[in-house]
Amino acid sequence: KKFCDMSGYVEDDFLGRTHRLTSSDIHSQTFWKQMWSSLQAGQLWYGEICNRSRDGNLYWVATTIMPARDEEGRICQYIAIHADITERITTEQRLQESLLENTQSRMLLEQYTSQLLKQNEELEEAQTKAEAANATKSEFLANMSHEIRTPMTSILGFAELLSEDQNGTLPPQQRQEYVETI
């Protein structure tokens, strides 16, 4: 009855048939071979099995199977105890998916952080180069200003002396020297 409640099948569905009716095809052939090997050797088997209910949904059962022997010691039947663990398995799967998503998010964050650090380094390097170029430009302009200002001071000074001599009081030779100097 409990098995019918879990699987959604009724007893008549199983009469003359095996439990393969509920197979989800999730487990490998190796899984089933190992289970049957243990049981045929007379050993108790415990595992978690995913089945498919009558309505097509998957459900999980913790299963213990024990071989029963007849009076002569031969295995005559198997007794199985199933406990529905679907909720636990579903929770574990969600947790694993969440952990995977968190891991992927963490990896993306690390990639972005790495990219940002690299871009920051590149920006700092560009800023250093720009500051060095600006300092070189400023030094050049200061030198050029000095180099231009010194002769310009002389030129302006002689031009001013000439402009102040509107009456022509300067001797012509001195006037000629001022012009040549300019």
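Below or above, wherever it landed, is the structure these notes cover. Nothing here was measured: the structure is a model prediction, and the numbers come from that model. (Residues numbered from 1 in each chain as written. Predicted model: local features only at pLDDT ≥ 70, side-chain atom pairs only at ≥ 80, totals over all residues. Heavy atoms only, no water.)

## What about the packing of helix α4 (residues 86-164) against helix α5 (residues 172-181)?
Between α4 and α5, whose axes approach to 9 Å, the crossing angle comes to 145 degrees. For α4 against α5, the interelement crossing comes out left-handed. Of the residues in α5, those touching α4 at Phe-158, Leu-161 and Leu-162 are Arg-175, Tyr-178, Val-179 and Thr-181. (Axes fitted to C-alpha atoms, helices over the stretch in contact; angles between N-to-C directions. Helix = DSSP H or I, 4+ residues; strand = E, 2+ residues; numbered from the N terminus. Left-handed = near helix turned anticlockwise from the far one by under 90°. Contact = heavy atoms within 4.5 Å.)

## Focus: the sheet that holds strand β1 (residues 45-52)
Taken together, the 3 strands give an open sheet; going across it, the order is β1-β2-β3, and neighbouring strands pair in antiparallel fashion. In this open sheet, the two edge strands, each paired with only one partner strand, are β1 and β3 (75-84). The mean angle between the axes of side-by-side strands here comes to 35 degrees, regardless of whether they run parallel or antiparallel. Relative to strand β2 (residues 58-69), β1 is paired through 8 bridges, and the arrangement is antiparallel. Following the sheet pairing, Asn-51 is matched in β2 by Tyr-59. Across the sheet, helix α3 (residues 29-40) is in contact with β1, β2 and β3; its angle to β1 comes to roughly 140 degrees. Across the sheet, α4 touches β1, β2 and β3, and the angle it forms with β2 is around 130 degrees. (Pairing = 2+ DSSP bridges.)

## Structural notes on the layout of surface pockets
What the largest pocket holds in volume is close to 780 Å³. At the level of secondary structure, the elements contributing two or more residues to the lining of the largest pocket comprise α1 (2-7), α3, β1, β2 and β3. Residues of the lining of the largest pocket, tallied by class, amount to 12 nonpolar, 10 polar and 3 charged. (1 Å grid on protein atoms, 1.4 Å probe; cavity = no way out; pocket = protein on both sides within 12 Å on 5 of 7 lines; lining within 4 Å. Points joined across faces, edges and corners; volume = space filled by probe spheres on them. Nonpolar A, V, L, I, M, F, W, Y, C, P; charged D, E, K, R; others polar.)

## Here's the deal with the packing of aromatic side chains
Tallied over the entire structure, the rule returns 6 aromatic pairs. Between Phe-31 and Trp-45, the aromatic rings sit 5.8 Å apart at their centres with planes inclined by 85 degrees, giving edge-to-face as the arrangement. Of this pair, Phe-31 sits in helix α3 while Trp-45 sits in strand β1, placing them 14 residues apart in sequence. What makes Phe-31 partly exposed here is its relative accessible area of 22%. Trp-45 sits in the buried class, given a relative accessible area of 10%. Ring geometry for Phe-158 against Tyr-178: centres 5.0 Å apart, planes inclined by 55 degrees, an arrangement best described as tilted. Separated by 20 residues along the polypeptide, Phe-158 in helix α4 and Tyr-178 in helix α5 bring together distant segments of the chain. With a relative accessible area of 12%, Tyr-178 lands in the buried category. Cluster of aromatic residues (ring-pair linked, three or more members): Phe-3, Tyr-9 and Phe-14. (Phe/Tyr/Trp six-rings, centres within 6.5 Å; stacked < 30°, edge-to-face > 60°. Buried < 20%, exposed > 50% of the residue type's maximum accessible area, 1.4 Å probe, protein only.)

So far we have only geometry, and geometry alone does not tell us how the molecule works.
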